[in-house]
Amino acid sequence: MMDFQSSSEFNDAPQMLPPPPGTFVDREELIQHVGDFAVSQGYVVTIKQSKRDRVVVLGCDRGGVYRNRRKPVDESSAESLRRRKTGSRLTNCPFEAVGKKDDGLWKLSIKNGAHNHEPLKDLSEHPSARRFTEREVLLIKEMTEAGLKPRQILKRLRQSNPELLSTPKHVYNVKAKLRQGNVTVRNFKSLRPQKTAVRNNYQSVMEPSWRQRNPPRVPNLIGGRFVDSKSLTSIDVVNPATQLIVSQVPLSTNEEVRAAVFAAKRAFSSWRNTPVTNRQRIMFKFQELIRRDMDKLAMEITSEHGKTLTDAYNDVLRGLEIVEHACGVATLQIGEFVSNISNGVDTYSIREPLGVCAGICSFDFPAMTPLWMFPIAVTCGNTFILKPSEKVPGAAVILAELAVEAGLPNGVLNIVHGTDDIINAICDDDDVKAIALVGPNSCNIGAKNHAVVMPDASIDATLSALVAAGFGGAGQKCMALTTVVYVGSITPWEDKLVEHAKAIKVNAGTESNADLGPVPGYENGNFIGPTILSDVTVNMECYKEDVFGPVLLCMQVLPLISFSVGSHISKLVFVVKLHIFVSQAESIDEAIEIVNRNRRGSGASIFTTSAVAARKFQIEIAVGQVGINVPISVQPPFTLFTSSKPCFAGDLNCDGKGGIHFYTQIKTVTQQWKDLPGNVETPTSNSNGESLQLLNS
C-alpha cells in the first residue's frame, strides 16, 4: 500500500474516467481515441510501451503525489536524509490502457482506470502543449529550406494556428533534429485538435507527405486517415510516354480490407442519419474543389495513363457531371405516398441506404470511373470502399483527398489498393452490401460497337465522326466505335478514311498539339499510330475479341491497309493504340444482321441522309444505345446507361439516375392511427376489391 500524504484528499477530487473500450482500424486511431478522451477528463496520455505491430501500452503523462516526508522526532539526521531522498520523488500514476492487434483490428482494454492526482485545470500548461504536430514539423522544414528564421516561421505557423504555444527555442530544437535527419516528433494531437483552417492551409502550402517520397507510394484511406499499407510488395506505375516510374501501388493485405470495411460499417450509422441536405452540401463543396484542382487531376491522369491532356480534362469533366447530379439527390430519393388505401389507412414508400458499398475501377477513365461510383453512393447515405485500378491510382487518391477536404466524415469513404486478391476479399465480405464493377469482358468495359455507313451518308461529317469516335481517347473507352460496316462499296471511303487518320497528331499526352499519345520523341516510350485493317470478316479473331488499346503486343501489323505516323514508327511494335475494323455489306438488312449477331455490342450508330433507313435501323437494331449521324457516347447522369448485350452485367447501373436505385432499397410502410381498445385491424380486400378487416390476435 502506498504511503500518500493524504489519500482522502483524492477521494473528493473530480473523477477522471477512463476511455471506453472499443475496436479501431489501426494503432494511431486507438491512440487518438484515448488521447482525445483523456483531454476531456483533464489528463494527458503518453506511450509507455509499444511493439508497433502487436501491442501499445498507454499511461498517464502526469506525475502523482509526493510521499510523506515528515520526519519523526527521534529519527537521526542520517536516517532522515535517507527517507527524504527516497520519499521526495513523485509516484507514477497507475492509469494504464492497453491496445492489442487482433485479426487486423486494434482492440482497447483498460488495465487500470484509476488516477492518483487531480485533473489538470489548464492543459496548455502541460509540456506536451508546446510540441509541434507532424504537419507543423514538415512546414518548419519547408520554411527553413526557404531561408526563414525561427521567429518568422513561428509567426506564420500562428497565422493558421493561433493556439500554438511553442517558442522560437522549440523551433531551434526542431531545426536541430532536421539537420540530423530526424523528423519524428512526439505528437499529442488531442491537445490541439486540427482546425479546418490549419488543415486547408497545410494542404495548400505543401504536398502530402506520401508524395514527398521518391517514387511516391500511394496510401490507403482507412477511417479518415491516409496510411501506408503494411504490405512490403508494390507495383510500379509507369508513365507510358517516358517509362519513368510515376508512383508505386501497394498490394494491400486482407487485414487492411477488413479494417476498411470495419471503418465503413462503423461510420454508416451516423452518416445515414445525417440530413440529406448536409450530405448534399458536402457534394457542392466537393465539386468546387474538383474544379479548383482540375489541372492537377488532368496532369496526374496523363502522366499515369498516357492520354492527352484534352482527353484527361474530359475524363474529369464527365465525372464532375455525376458529382453535380449528386448535389440534387434529395429530390431523386423522394418516395411515394398513397392516402386512405383503406378506412383510415395510409401507405408510403421510402428509399433507404444499403450500408457498406464498394466500387472496383478499370484503368480507362481514372477520374470518371471513381466519380461514377462513390459520390452518388455516399450522398444516398451509404459508406464506401473504393478499389482504384492499380495502373492509374493517382487520380482516385486526389479525389479522396478533396472529398475529405470537402468535409466527408471519417470512414465514409475508404480506399484500398491492390489486385485480384483485394477484389476477392471485397466480394467475399458479408458486410459489403453492393459492389459496382467496371472491368473487362462481361462487365461494362469491353465492347464491340459498330458504325453502319450508308451510301448516301455525308462524307466529310461521317469521316470526322468515325475518326473521332474510333481514335479518340486512343480507343480506350467502352463506347468507342471499333467496327465500321459499309453498305455498298467501300471504295469511295477507303482512301479518305486513311487520309483523315494520317492527319492525327501523335505525341506525348502533355504536348498541346497531341491528338493521340504517347509516341516518338520519347525514345523509351510506347509508340504507334492509328491502324486500319480492311477486308475483315466476322470469322476473324480481331472481330470476335475485344481490342482495347493500349494493348501490349509483339505482333506484325497486317499489311492490308496499314500506315505509320512518324519516321520511326514502322520499326516499333510495342503498343497497338487502336484498330478500326472495316467490313462490307450489300444492304442495310445485312448490316443490321451483322451488328445483332455480335454479342459484345453496347451501341451502334448509322450514318445516312435517309430518315427511312435511320428509323428502320433504330427499330431493328438489338443494342442499348443508338446513334443517328452521331457516335454513341457515355450518357449524361440524368439518363441511364443501357445495353441489351452481355457487355453489361447486372440489373441496375451504378451511375447517374440508375445509381439512386442501385445504392438504395425500397421500404414500404402502411400505417393506421386509431384509438382502439384491444385488437389492431389489418386492412385487406377480397377478389372484388371490397375492403375487408381481419383481426390480429
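Heads up: these notes are all about the structure in this document. (Residues numbered from 1 in each chain as written. Predicted model: local features only at pLDDT ≥ 70, side-chain atom pairs only at ≥ 80, totals over all residues. Heavy atoms only, no water.)

1. Considering the overall build of the protein chain
A tally of regular secondary structure across the protein chain gives 21 helices and 26 strands. Taking the contacts inside the protein chain whose residues are at least 6 apart along the sequence as the reference set, 72% of them involve residues at least 24 apart. Taken as a whole, the protein chain presents about 33800 Å² of accessible surface, with 51% of it coming from carbon and sulfur. (Helix = DSSP H or I, 4+ residues; strand = E, 2+ residues; numbered from the N terminus. Contact = heavy atoms within 4.5 Å. Areas by Shrake-Rupley, 256 points an atom, 1.4 Å probe, with all protein chains shown as cover.)

2. Quick notes on the nonpolar core
Residues Phe-286, Ile-290, Met-373, Phe-384 and Tyr-663 are the most contacted members of the largest nonpolar core, which totals 56 residues. Counting residues per element, this core draws most heavily on helix α14 (residues 394-406), which supplies nine residues. Counting 25 residues, the second largest nonpolar core, distinct from the first, contains Ala-457, Ala-469, Trp-493 and Leu-497. (Core = buried A, V, L, I, M, F, W, Y, C linked by side-chain atoms within 4.5 Å. Buried < 20%, exposed > 50% of the residue type's maximum accessible area, 1.4 Å probe, protein only.)

3. Observations concerning the packing of aromatic side chains
Following the criterion strictly, the structure yields five aromatic pairs and no others. Geometrically, the ring pair formed by Phe-286 and Phe-374 is tilted, given 5.8 Å between the ring centres and 45° between the ring planes. Linking Phe-286 in helix α9 (residues 276-292) with Phe-374 in helix α13 (residues 368-379), this pair joins segments that are 88 residues apart in sequence. By relative accessible area, which is 0% here, Phe-286 ends up buried. Using a relative accessible area of 1% as the deciding quantity, one classes Phe-374 as buried. One aromatic cluster is present, built from ring pairs that chain together Phe-384, Phe-662 and Tyr-663. (Phe/Tyr/Trp six-rings, centres within 6.5 Å; stacked < 30°, edge-to-face > 60°.)

4. Digging into the packing of α9 against helix α11 (residues 309-326)
With their axes 8 Å apart at the nearest point, α9 and α11 run at an angle of 160° to one another. Classified by the angle between their axes, α9 and α11 sit roughly antiparallel to one another. In this structure, α9 crosses over α11, and the sense of that crossing is left-handed. Across the interface between the two elements, Gln-280, Met-283, Phe-286, Gln-287, Ile-290 and Arg-291 from α9 touch Val-316, Leu-320, Val-323, Glu-324 and Ala-326 from α11. For the contact of α9 with α11, the class distribution of residues is seven nonpolar, two polar and two charged. (Axes fitted to C-alpha atoms, helices over the stretch in contact; angles between N-to-C directions. Parallel < 35°, antiparallel > 145°, perpendicular 65-115°, else oblique. Left-handed = near helix turned anticlockwise from the far one by under 90°. Nonpolar A, V, L, I, M, F, W, Y, C, P; charged D, E, K, R; others polar.)

5. A closer look at the pattern of salt bridges
Enumeration over the complete set of coordinates arrives at 23 salt bridges. Among the salt bridges present, the one from Arg-27 reaches Glu-28, with a minimum N-O distance of 3.5 Å. Between Lys-667 and Glu-352 there is a salt bridge whose closest N-O contact spans 3.1 Å. Placement of Lys-667 in strand β24 (residues 664-672) and of Glu-352 in strand β11 (residues 345-353) is noted, with a sequence separation of 315 residues between them. One network of salt bridges, with partners in common, ties together Lys-48, Glu-96 and Lys-111. (Salt bridge = Lys/Arg side-chain N within 4 Å of Asp/Glu carboxyl O.)

6. Some points on α14
Taking 1.5 Å per residue as the helical rise, α14 with its 13 residues ought to reach 18 Å, and the 18 Å between its terminal C-alpha atoms agrees with that figure. When you tally the buried positions in α14, you get 13 out of 13 residues, the bulk of the element. Where α14 ends, the next residue or the one after it, Gly-407, has phi of about 115°, a positive value. (Expected span 1.5 Å × (residues − 1).)

7. Focus on the side chain of Glu-96
Secondary-structure assignment places Glu-96 in strand β4 (residues 96-102). Of the residues examined, Glu-96 reaches a relative accessible area of 16% and is grouped as buried.

8. Overview of the sheet that holds strand β1 (residues 22-24)
The antiparallel open sheet is built from five strands, whose spatial order is β1-β5-β4-β3-β2. Of all strands in the sheet, those bounded by a partner on one side alone are β1 and β2 (45-51). Each adjacent strand pair in this sheet contributes to an overall mean axis angle of 25°, direction not counted. On top of the sheet, helix α8 (residues 254-272) reaches β1, β4 and β5 (105-112); it is set at about 125° to β1, its chief contact. (Pairing = 2+ DSSP bridges.)

9. Focus: the environment of Leu-148
Structurally, Leu-148 is set in the loop between α4 (134-145) and α5 (150-160). For Leu-148, a relative accessible area of 15% puts it in the buried group.

10. A short note on α8
Look at α8: 26 Å from first C-alpha to last across 19 residues, which is about the 27 Å you get at 1.5 Å a residue. If you look at α8, its biggest bend is around 25°, right at Arg-266. All buried positions along α8 are accounted for by Glu-256, Val-257, Ala-259, Ala-260, Val-261, Ala-263, Ala-264, Ala-267, Phe-268 and Trp-271. (Bend = angle between axes of the 7 residues up to and from the residue.)

11. So, unusual backbone geometry
Its identity is not glycine, yet Asp-103 carries a phi of approximately 55°, on the positive side. Of note, Asp-103 is situated in the loop between β4 and β5. For Asp-103, a relative accessible area of 53% puts it in the exposed group. With a phi angle near 65°, Asn-629 is a residue other than glycine that sits in the positive phi range. Mapped onto the elements of the fold, Asn-629 is located in the loop between β23 (625-628) and α21 (656-662).

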